[in-house]
Amino acid sequence: MDQASQLRKLMKEPDSYSPKPTLIAVASGKGGVGKSTLTLNLGVALAKAGSRVAIFDLDIGFGNLETLLGANAKYSMNDVKEGVVSLKEAFLEGPYGIHILAGGSGLSTITEWHKEEVNRFLTEVARMDVSYDVILFDTGAGLTDMQRTILLAVDQTFVVTTPEPPAMTDAYSLVKLMSATSPDFSFQLIVNQCSSLVEGTQSAKQFEQVCAEFLNSEVEIAGFIMKDADISVAVKKQIPYFLYAPKGSAARSIERLAFKLRGFEPRDKKGVVGFISRWMTFR
């Protein structure tokens, strides 16, 4: 049975399990805004609170989630993509039992996603439907066709920026491109590395105003992550800052975001099946 046939079979199986996982993409317009660090720590906070969490590093060849954990993953997304191993075999286990699929690094070539590889990946994801409560996709900076499809197919997209003008401009460019692709594109904004709540609020307000004026788009604010000196220390020690400095301002910010996320209602409560159905529509 080929990959496409396997995928169709899995999609037709009875939808008898509940609850379904919530699938979330974390995106940014540019690198250097702390997106991967935020994604990892959000996953750890959710897992500590009792959620079963999986994180996919989609920055193939340039992934750094395993580096942030101080781990050496035997397999990466590229191995799953090429059918070398199954998704289950490729996962790296992190704090509180989170499962991480590394993006890999140092690849000699960065290949495009072919149809058979996409079907193989989706088939592997479909088998995860009852294994997790939350699935996080740490997308690469910018916007490839693969990332665009994922942002449209997930239950929720977080767009991460910092208060700096270049980061705000690039985040707006990402939203503008996505809105041009799909006028109904919705997202929540996270302002990372805020020196204060006032700075975060002002940055979010500016972003809201620009989106309302030029895109006729509303912006929902997911939260603000405070700047914290412990973050750089934790990164150097290769420990999630949520664990290294749990009482720090950044860790408390992540904890609030995780608490808010645990009450989030998925788009159609169909979990991975809904994600794949939307994928098929948008790709």
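The notes below deal with the structure included here. From a predicted model like this one, the values you see are computed outputs, not experimental measurements.

Let's shift gears to the overall build of the protein. Scanning the protein for helices and strands turns up 13 helices and 8 strands. For the protein, with 283 residues in total, the buried portion stands at 53%. In the protein, 79% of the contacts between residues at least 6 apart in sequence involve partners at least 24 apart. Split by element, the accessible area of the protein, about 13,200 Å² in all, is 50% carbon and sulfur.

Attention shifts here to the sheet that holds strand 7 (residues 188–194). Read across the sheet, 8 strands follow the order 3-4-2-5-1-6-7-8 without closing on themselves; strand pairing throughout is mixed. Each edge of the sheet is formed by a strand with only one pairing partner; in this case those strands are strand 3 (92–93) and strand 8 (220–226). Relative to strand 7, helix 9 (residues 197–214) is tilted by about 140 degrees, and along the sheet it contacts strand 7 and strand 8.

Nonpolar side chains collect at one region of the surface, where Tyr96, Val233, Ile239, Leu243 and Tyr244 lie side by side and expose about 390 Å² of accessible area between them. By the element assignment, tyrosine 96 lies in the loop between strand 3 and strand 4 (99–101).

Among the surface-exposed residues, Lys48, Lys247, Arg252 and Arg256 lie close enough to one another that they form a single positively charged patch. Under the relative-accessibility criterion, arginine 252 is labelled partly exposed at 40%.

So, about the packing of aromatic side chains. Scanning the entire structure with this criterion turns up 10 aromatic pairs. Residues phenylalanine 91 and tyrosine 132 carry aromatic rings whose centres are separated by 6.1 Å and whose planes lie at 65 degrees to one another, so their mutual orientation is edge-to-face. Of this pair, phenylalanine 91 sits in the loop between helix 5 (87–90) and strand 3 while tyrosine 132 sits in the loop between helix 6 (115–126) and strand 5 (134–138), placing them 41 residues apart in sequence. The burial state of phenylalanine 91 is the same as that of tyrosine 132; both residues are buried.

Here is what the cut-offs are and how they apply
- Residues numbered from 1 in each chain as written.
- Predicted model: local features only at pLDDT ≥ 70, side-chain atom pairs only at ≥ 80, totals over all residues.
- Heavy atoms only, no water.
- Helix = DSSP H or I, 4+ residues; strand = E, 2+ residues; numbered from the N terminus.
- Buried < 20%, exposed > 50% of the residue type's maximum accessible area, 1.4 Å probe, protein only.
- Contact = heavy atoms within 4.5 Å.
- Areas by Shrake-Rupley, 256 points an atom, 1.4 Å probe, with all protein chains shown as cover.
- Pairing = 2+ DSSP bridges.
- Axes fitted to C-alpha atoms, helices over the stretch in contact; angles between N-to-C directions.
- Patch = residues over 30% accessible without salt bridge, like charges linked within 9 Å, V, L, I, M, F, W, Y side chains within 5 Å.
- Salt bridge = Lys/Arg side-chain N within 4 Å of Asp/Glu carboxyl O.
- Lys, Arg positive; Asp, Glu negative; His and termini not counted.
- Charge placed at Lys NZ, Arg CZ, Asp CG, Glu CD.
- Phe/Tyr/Trp six-rings, centres within 6.5 Å; stacked < 30°, edge-to-face > 60°.

Nothing here speaks to function; it is geometry throughout.
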